[in-house]
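Residue strings, one per chain:
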Amino acid sequence: MSTIGFIGLGQMGTPMALNLIKGGHSVKVFDINQDAVQQLVEQGASAATSPADAALDSEFVVTMLPNGTLVKNVILGENGVTTTLDKNALLIDMSTIHPLETDSLIKQMSELGFSMMEAPVGRTSEHAVRGELLIMAGGTKEQVERAKPLFACMGNETVDCGGAGKGIRVKIINNYMSIALNALSAEAATLSEAIGLDWETSMQVMSGTPAGKGHFTTTWPGKVLAGDLSPVFMVDLAHKDLGIALDLANQVNVPMPCGAAAREMYNLTRAAGRGRQDWTAVLEQLRVSSGLAPKVS
C-alpha cells in the first residue's frame, strides 16, 4: 500500500480520500476546512498542517481543488507541495481546470525535476462515495500504470486519454457537451409540457431515439464517421422539422435559444450544398469549416 498526501476535501475530494483509506493506503489530508480534515482523521487519515506537510514522505500527492489558481498555489506557492515533495513521488492533479493551466504546471514541474500527471474525474459525488468514478488519465504510460492502484480505489473505470494534458481536455469536452445538452433538454422538456404532453410519454419516446441516446453512439458511427453521407434522414428534412418545432415554441411562448442556434448550424450546412446529405453531415461541415481535413471524400 502507498503513502498519499491528499489536498482538497470538498464534495468530491472527501469521498475520494475516504476510499483511498478504505483501500488500505496511508493518507495524509489537507484542507483549509478543518471540519473536513477532522472527518477524515476520524476515518483513519492523518492531518497535514500545509500542502508541504501533506507532500512530505508521500509516494503520491493528489490535488482535488476548485480552480487552477488554487492548484498552482498549492503546488508551487509558499509551503507548497514542491518544497517537500520527493523527486521519485508522483503528483496527480484530479481537479477540473483550464487545460492550458495544466500544460503550464506539468511543464514547470518537469523543469523542477518532478513527475506530474492529471486525472480529472467524471460522474457525480454519489459515484465518488461509491468509488465508481470514471477517471480520465493524462500522463505517460508509466505514470498511468503507476497510479492505477489509486484509481481503482476511487473509480471503476479508468481511460488512458493518450498523454499529458489529454485527460483534462477530454474532461472539458465532456462537461461542455453535458452542460449544453442540459439546456437543450430543458427546452425540449418545457415545450413538451407547454403543448400538453405527458412527461412519461415524452421520456419514453426520447429515451429510445438519438434525442436521448446521443449521436456519438447512434447516428454518427454508421454514417459520417464511416465516410457515408447517403441520406437516411436528410439535412433538409431535419432543418424543416427543427423549424416547425421553433415555430410551435413561438406560438406557446417557450424560449428556444439552443434550438435557434442549432438551426444556424443547419443553415450553414445547407448553404454548403449538403441539404440532401444525411443529417450527420452537420458534423462534417463544422469540421471542414474549422479547418480540419474532410473525413468524407
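In this text the structure is predicted, and so the values were computed from the model without any measurement.

### Regarding the overall build of the protein chain
Then step 1. A count of helices and strands for the protein chain gives 14 helices and nine strands.
Then step 2. If one aligns the C-alpha atoms of the protein chain with their principal axes, the spans along those axes are about 65 × 45 × 30 Å.
Then step 3. Taking all 297 residues of the protein chain together, 43% fall into the buried category.
Then step 4. Within the protein chain, counting contacts between residues at least 6 apart in sequence, those at least 24 apart form 63% of the total.
Then step 5. Accessible area for the protein chain stands at about 15300 Å²; split by element, carbon and sulfur atoms hold 56% of it.
Then step 6. Treating the 22 positive side-chain charges of the protein chain as one cloud and the 30 negative ones as another, the clouds have centres 8 Å apart.

### Notes on helix H13 (residues 257-271)
Then step 1. Counted at 1.5 Å a residue, the expected span for H13 with its 15 residues is 21 Å, and the 21 Å between its end C-alpha atoms agrees.
Then step 2. For H13, the complete set of buried residues consists of Gly259, Met265, Tyr266 and Thr269. Across the axial projection of H13, the buried residues extend over an arc of 110°, all falling on one side. Away from the buried face of H13 by more than 90 degrees, exposed residues Pro257 and Ala271 are located.
Then step 3. Along its buried surface, H13 packs onto helix H8 (166-194), helix H12 (235-251) and helix H14 (281-289).
Then step 4. Positive phi appears at Gly273, one or two residues downstream of H13, with a value of about 85°.

### A word on the pairing of strand E5 (residues 90-93)
Then step 1. Burial along E5 is two-sided: the face carrying Leu90 and Ile92 and the face carrying Leu91 and Asp93 are both buried.
Then step 2. Where the polypeptide runs from strand E4 (residues 60-63) across helix H4 (residues 68-76) and back to E5, its parallel neighbour, the crossover connection is right-handed.
Then step 3. Alignment of E5 against strand E6 (residues 115-118), held across four bridges, turns out to be parallel. Of the residues in E6, the one forming a bridge with Leu90 is Ser115.
Then step 4. In this fold, E5 hands off to helix H5 (residues 99-111), which returns the chain to E6; that crossover is right-handed.

### A short note on the UniProt feature "domain: 3-hydroxyisobutyrate dehydrogenase-like NAD-binding" (unreviewed entry) in the protein chain
Then step 1. If you check UniProt for "domain: 3-hydroxyisobutyrate dehydrogenase-like NAD-binding" (unreviewed entry), the listed places come out as residues 165-284 in our numbering.
Then step 2. The span residues 165-284 carries 68% helix and 0% strand; its end-to-end C-alpha distance comes to 26 Å.

### Focus on the packing of aromatic side chains
Then step 1. All told, the structure shown has two aromatic pairs when counted by the stated rule.
Then step 2. Taking 5.0 Å as the distance between ring centres and 70° as the angle between the ring planes, the aromatic pair formed by Phe233 and Trp279 counts as edge-to-face. Highlighted residues: Phe233 in the loop between helix H11 (219-222) and H12 and Trp279 in the loop between H13 and H14, separated in sequence by 46 residues.
Then step 3. Owing to a relative accessible area of 26%, Phe233 belongs among the partly exposed residues under this scheme.
Then step 4. Over the ring of Phe114 we find Lys87; its NZ or CZ atom is 5.0 Å from the centre of that ring.
Then step 5. Geometry around Phe60 places Arg146 over its ring, the cationic atom sitting 5.1 Å from the centre.

### Digging into the domain arrangement of the protein chain
Then step 1. Split into domains, the protein chain comes out as domain 1 (3-164) and domain 2 (198-290).
Then step 2. Domain 1 and domain 2 are separated by 40 Å when their C-alpha centres are compared.

### Some points on the sheet that holds E6
Then step 1. Strand order across the open sheet formed by six strands is E3-E2-E1-E4-E5-E6, with parallel pairing between neighbours. Only two strands of the sheet have a single neighbouring strand rather than two, namely strand E3 (46-47) and E6.
Then step 2. Against the sheet, H5 makes contact with E5 and E6, and its axis sits at roughly 165° relative to E6, the strand it touches most.

### Focus on the side chain of Gln285
Then step 1. Note on placement: Gln285 falls in helix H14.
Then step 2. With a relative accessible area of 8%, Gln285 lands in the buried category.
Then step 3. The contacts of Gln285, once residues within four sequence positions are left out, are Leu268, Thr269, Ala272 and Arg274.

### Some points on the nonpolar core
Then step 1. Judged by nonpolar contacts, the single largest core of 33 residues is most densely connected at Phe6, Met16, Val29, Ile92, Met94, Phe151 and Met154.
Then step 2. Within the residue set of this core, elements represented by two or more residues are strand E1 (3-7), helix H1 (13-22), strand E2 (26-30), helix H2 (34-41), E4, E5, strand E8 (133-137) and helix H7 (141-154).
Then step 3. Top contributing element to this core by residue count: H7, with six residues.
Then step 4. Membership of the second largest hydrophobic core comes to 20 residues, among which are Ile7, Phe30, Leu91 and Met109.

Basis of the calculations
Residues numbered from 1 in each chain as written. Predicted model: local features only at pLDDT ≥ 70, side-chain atom pairs only at ≥ 80, totals over all residues. Heavy atoms only, no water. Helix = DSSP H or I, 4+ residues; strand = E, 2+ residues; numbered from the N terminus. Buried < 20%, exposed > 50% of the residue type's maximum accessible area, 1.4 Å probe, protein only. Contact = heavy atoms within 4.5 Å. Areas by Shrake-Rupley, 256 points an atom, 1.4 Å probe, with all protein chains shown as cover. Lys, Arg positive; Asp, Glu negative; His and termini not counted. Charge placed at Lys NZ, Arg CZ, Asp CG, Glu CD. Expected span 1.5 Å × (residues − 1). Arc of directions from axis to C-beta. Right-handed = clockwise from strand over helix to strand, strands pointing away. Pairing = 2+ DSSP bridges. UniProt positions renumbered as here; feature names shortened; annotations may be inferred. Phe/Tyr/Trp six-rings, centres within 6.5 Å; stacked < 30°, edge-to-face > 60°. Lys NZ or Arg CZ within 6 Å of the ring centre and 35° of its normal. Domains from an automatic or database assignment. Axes fitted to C-alpha atoms, helices over the stretch in contact; angles between N-to-C directions. Core = buried A, V, L, I, M, F, W, Y, C linked by side-chain atoms within 4.5 Å.

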